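Overview (structure and organization)
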Amino acid sequence: MVAHHMALANAQAGAIAHLWNTRPQQVEGILLDLTRTTTTALRELQVTVGLLRQPDDTEEPLQPAPGLALLPDLVSAFASAGMHIALTTEGQARPLCPGADLTAFRILQEALTNVAKHAAVTTAHVHLAYTADRLTLTVSNDSSSLPGPHAAGRGFGLIGMRERAQSAGGRLTAGHRPDGGYAVTAQLPIQPWPLNHA
């Protein structure tokens, strides 16, 4: 996740450099987004380092795990880096259990980071399809040619997304689409919540 935030910060810094002379009025907003991105990365590092503490160290309160409720913030962060996210939803949105909600958010986060890093496009498509017992989320782009690392599936991004999906009882597929472009699709089970959940 730290790597995701650093990749996003890098893209935001690139957007600032590109717009500095031509559209300075947009630079201030991107700088604020860049500050938020690096602050989040620092928090992630703080949590990671916190895991290495001794049992008798003072514990700090944990922040709530992110989920699909933060999707608008994620879309906004990528927009500040110059990438448009086209978001569509099919079916009645239903709450996921915390583990699946976190998994869905992290898969979207990683898949969008892959588009930003590896696809020569400025638009990504996010589609959420809800059924009675399943959420299918797809991140796709229309790039006709993707550089080797993404096309070949090397690296840890796809591996991590597959592991996340499997840990939530789902599955993930990724690859080139027949009509061109690339898509990552995860299917996650929607488990019924007990009536007394808080």
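Check the entry above for the structure.
These numbers were taken from a predicted model, which means no experiment stands behind them.

**Topic: the overall build of the chain**
Within the chain, the regular secondary structure consists of 6 helices and 5 strands. Counted from the first residue to the last, the chain has its helices and strands arranged as α-α-α-β-α-β-β-α-α-β-β. Buried positions account for 37% of the 198 residues belonging to the chain. Total accessible area on the chain stands at roughly 11,600 Å², and carbon and sulfur atoms take up 57% of it.

**Brief notes about helix α3 (residues 71-80)**
Every α-helical turn comprises 3.6 residues, leaving residues that sit three or four positions apart pointing alike. Listed as buried for α3 are L71, L74, V75, A77, F78 and S80. Trailing α3 by a residue or two, G82 shows a phi angle of about 95 degrees, which is positive.

**Some details on the nonpolar core**
I85, L108, L112, L128, L135 and L137 are the most contacted members of the largest nonpolar core, which totals 37 residues. Going through the elements one at a time, α3, α4 (98-118), β2 (123-130), β3 (134-141), α6 (157-167) and β5 (182-189) are the ones with two or more residues in this core. Of the residues forming this core, the biggest block, 8 residues, is contributed by α4. Residues in contact with L135, not counting those within four places in the same chain, are L68, L96, A104, L128, A129, Y130, A186, Q187, L188 and I190.

**Comments concerning the sheet that holds strand β4 (residues 171-176)**
Across a sheet, strands are paired by hydrogen bonds formed along the backbone, either parallel or antiparallel in direction. Spatially, 5 strands are ordered β1-β2-β3-β5-β4 in an open sheet, and the strand pairing comes out mixed. Each having just a single partner strand, β1 (84-90) and β4 make up the two edges of the open sheet. Each adjacent strand pair in this sheet contributes to an overall mean axis angle of 10 degrees, direction not counted. In the sheet, β3 pairs with β5 via 8 bridges, with the strands oriented antiparallel. The partner of L137 across the bridge, within β5, is A186. Sitting on the sheet, α4 touches β1, β2, β3, β4 and β5, and the angle it makes with β3 is about 10 degrees. Along the sheet, α6 contacts β4 and β5; its crossing angle with β4, the most-contacted strand, is approximately 150 degrees.

**As for the environment of T37**
Take T37: it is sitting in helix α2 (residues 24-50). In this structure, the C-alpha to C-alpha distance between T37 and A77, residues 40 residues apart in sequence, is 7.8 Å.

**A word on the pattern of salt bridges**
According to the stated counting rule, one finds 3 salt bridges in the structure shown. For R177, the salt bridge goes to D142, with nearest N and O atoms at 2.6 Å. Here the residue R177 occupies a position in the loop between β4 and β5, and D142 occupies one in the loop between β3 and α5 (148-151), the gap between them amounting to 35 residues. Through salt bridges that share partners, D142, R177 and D179 make up one connected network.

**Re the environment of L128**
Along the chain, L128 turns up in strand β2. Linking L128 and L87, residues 41 residues apart in sequence, is a C-alpha distance of 8.0 Å. Setting aside chain neighbours within four positions, we find L128 in contact with L71, T88, T89, E90, L108, L135, T136 and L137.

**Things to note about the packing of α3 against α4**
Running from N to C, α3 and α4 point in directions that differ by 10 degrees, and their axes come no closer than 11 Å. Taken together, the axes of α3 and α4 are roughly parallel relative to one another. Residues L71, L74 and F78 of α3 pack against F105, L108, Q109, L112, T113 and A116 of α4. Of the residues contributing to the contact of α3 with α4, the split by class is 7 nonpolar, 2 polar and no charged.

**Observations regarding α4**
Look at α4: 30 Å from first C-alpha to last across 21 residues, which is about the 30 Å you get at 1.5 Å a residue. Of all 21 residues in α4, 15 are buried; the element is thus mostly enclosed.

Cut-off values and rules
- Residues numbered from 1 in each chain as written.
- Predicted model: local features only at pLDDT ≥ 70, side-chain atom pairs only at ≥ 80, totals over all residues.
- Heavy atoms only, no water.
- Helix = DSSP H or I, 4+ residues; strand = E, 2+ residues; numbered from the N terminus.
- Buried < 20%, exposed > 50% of the residue type's maximum accessible area, 1.4 Å probe, protein only.
- Areas by Shrake-Rupley, 256 points an atom, 1.4 Å probe, with all protein chains shown as cover.
- Core = buried A, V, L, I, M, F, W, Y, C linked by side-chain atoms within 4.5 Å.
- Contact = heavy atoms within 4.5 Å.
- Pairing = 2+ DSSP bridges.
- Axes fitted to C-alpha atoms, helices over the stretch in contact; angles between N-to-C directions.
- Salt bridge = Lys/Arg side-chain N within 4 Å of Asp/Glu carboxyl O.
- Parallel < 35°, antiparallel > 145°, perpendicular 65-115°, else oblique.
- Nonpolar A, V, L, I, M, F, W, Y, C, P; charged D, E, K, R; others polar.
- Expected span 1.5 Å × (residues − 1).

In short, geometric facts, not functional conclusions.
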